[in-house]
Amino acid sequence: MSAIRGARERARTEITAAIKDEARAQLAAEGAARLSLRAVARELGMVSSALYRYFPSRDELLTALIVDAYDAIGEAAEKAARDTTVRPDTSSAAAWTAVACAVREWALAHPHEYALIHGSPVPGYVAPQDTVGPASRVGLVFIGLVRDAHLHEGVTTPPLSAALRPEAVRMAAELAPDLPPANAAALVIAWAQLFGLVSFELFGQFKGVVRDREALFRQAADGLAHSVGLTAPGGWQGEFPGE
């Protein structure tokens, strides 16, 4: 009986993977807004009723693809952090840039999946709570790098306006209670700017403007590492201007 159950589970896993692969092919060809369960079933030689046993609606299939994409880009960020932080000669700032570059490389290798999670919202789709954890993985890596530096090396304090301070205190309490509010606010700003750079490159806004986009990105990532309070050994130290 267990052998039959195992065979059924393997078959379900394989069919689920095939459905997702075909759905990703549709994303590339038609975009997320035009994703169709009937079209996926047709391409796989399945009747629609059979596919509905795996994904009862288009939105459930979209959610599965979104979670997979968030998990994949999160895994790339986590791997880059592990690979750099295990080396004692790697600064927190260098680790930050390595993680940022891993995010960019994943996005360039998976443009349609990146567009699904960081492009235009899909009309009529509302992401469920299931997506929150996977969506947080990249951000948590960056928070972890700054937290570790704060605890072991020390970090500089970015400038923080009086107007932003209440919001920075709230963000620090919710996202990184052990970080100063100024660093928590700088982290949110840097996170948005990093993904903005990736999106500009991926969606063509740099066309005719930037040729060496990798060099530009690395320069920006280095600068953002400093902006959140990380410094390279022997590099710039001290408070930000105006502090």
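In what follows, the accompanying structure is described.

Conventions we followed
- Numbers given to residues run from 1 along each chain, matching the order in which its sequence is written.
- The predicted nature of this model means local features are confined to residues of pLDDT at least 70 and side-chain atom pairs, given and counted, to a pLDDT of 80 or more, with totals for whole chains, interfaces and linings taken over all residues.
- The side-chain values count all of the structure's non-hydrogen atoms but skip hydrogen atoms and water molecules.
- Labels follow the DSSP assignment, with helices taken as runs of H or I lasting at least four residues and strands as runs of E lasting at least two, numbered in each case from the N terminus.
- When a residue's accessible area, from a 1.4 Å probe over protein chains only, is under 20% of the maximum for its type it is buried; when over 50% it is exposed; and in between it is partly exposed.
- Any two residues whose heavy atoms approach within 4.5 Å at even a single point are treated as in contact.
- Note on areas: Shrake-Rupley with a 1.4 Å probe; residue coverage comes only from the protein chains shown.
- Working convention for charge: Lys and Arg count positive, Asp and Glu count negative, and His plus the chain ends are omitted.
- Throughout, a charge is located at the NZ atom of Lys, the CZ atom of Arg, the CG atom of Asp or the CD atom of Glu.
- The aromatic pairing rule takes the rings of Phe, Tyr and Trp, using the six-membered ring of Trp, and pairs them if the centres are within 6.5 Å, calling planes under 30 degrees apart stacked, those over 60 edge-to-face and the rest tilted.
- Inter-axis angles, ranging from 0 to 180 degrees, are taken between N-to-C directions of lines fitted to C-alpha atoms, where helices are fitted over the stretch in contact.
- What sets the label is the angle itself: under 35 degrees gives roughly parallel, over 145 gives roughly antiparallel, 65 to 115 gives roughly perpendicular, and the rest give oblique.
- Handedness of each helix crossing follows the sense of rotation of the near helix against the far helix: counterclockwise by less than a right angle gives left-handed, clockwise gives right-handed.
- Classification convention: Asp, Glu, Lys, Arg as charged; Ala, Val, Leu, Ile, Met, Phe, Trp, Tyr, Cys, Pro as nonpolar; all other residues, Gly among them, as polar.
- Here, nonpolar core means buried Ala, Val, Leu, Ile, Met, Phe, Trp, Tyr and Cys residues that are tied together by side-chain atoms lying within 4.5 Å of each other.

Digging into the overall build of the chain
- Looking only at helices and strands, one finds eleven helices and zero strands in the chain.
- Moving toward the C terminus, one meets the helices and strands of the chain in the order α-α-α-α-α-α-α-α-α-α-α.
- For the chain, the spread of C-alpha atoms along the three principal axes comes to 65 × 50 × 35 Å.
- Within the chain, the fraction of its 243 residues that count as buried is 40%.
- Within the chain, contacts between residues at least 6 apart in sequence are counted, and of these 73% link residues at least 24 apart.
- Carbon together with sulfur atoms contributes 56% to the accessible area of the chain, which is approximately 13,200 Å² in total.
- If you average the places of the 23 positive and of the 28 negative side-chain charges in the chain, the two averages end up 8 Å apart.

Digging into the packing of aromatic side chains
- One pass over the structure, following the stated rule, counts five aromatic pairs.
- Consider the rings of W191 and F195, whose centres lie 6.2 Å apart with planes at 70 degrees: the pair is edge-to-face. Of this pair, W191 and F195 both sit in helix α10 (residues 181-202), four residues apart, which is roughly one turn of the helix.
- Residue classification places W191 among the partly exposed residues on the basis of a relative accessible area of 41%.

Looking at the packing of helix α5 (residues 92-109) against helix α11 (residues 213-227)
- Across the interface, α5 lies against α11 with an axial gap of 9 Å and an inter-helix angle of 140 degrees. On the basis of their axis angle, the class for α5 and α11 is oblique. The chirality of how α5 crosses α11 is right-handed. Between α5 and α11, the contacting residues are A93, W96, T97, A100, C101 and R104 on the first element and R213, E214, F217, R218, A221, D222, L224 and A225 on the second.
- Within the contact of α5 with α11, the residues separate by chemical class into eight nonpolar, one polar and five charged.

A short note on the nonpolar core
- Counting 62 residues, the largest nonpolar core has W96, F142 and L230 as the members making the most contacts within it.
- Contributions of two or more residues to this core are made by α1 (2-30), α2 (37-44), α4 (58-85), α5, α6 (111-118), α8 (137-152), α10 and α11.
- Of the residues forming this core, the biggest block, eleven residues, is contributed by α4.
- Excluding anything up to four places from it in sequence, F142 contacts W96, V99, A100, L187 and L194.
- Core analysis: the next-biggest nonpolar cluster, separate from the first, contains five residues, L160, A168, M171 and A185 among them.

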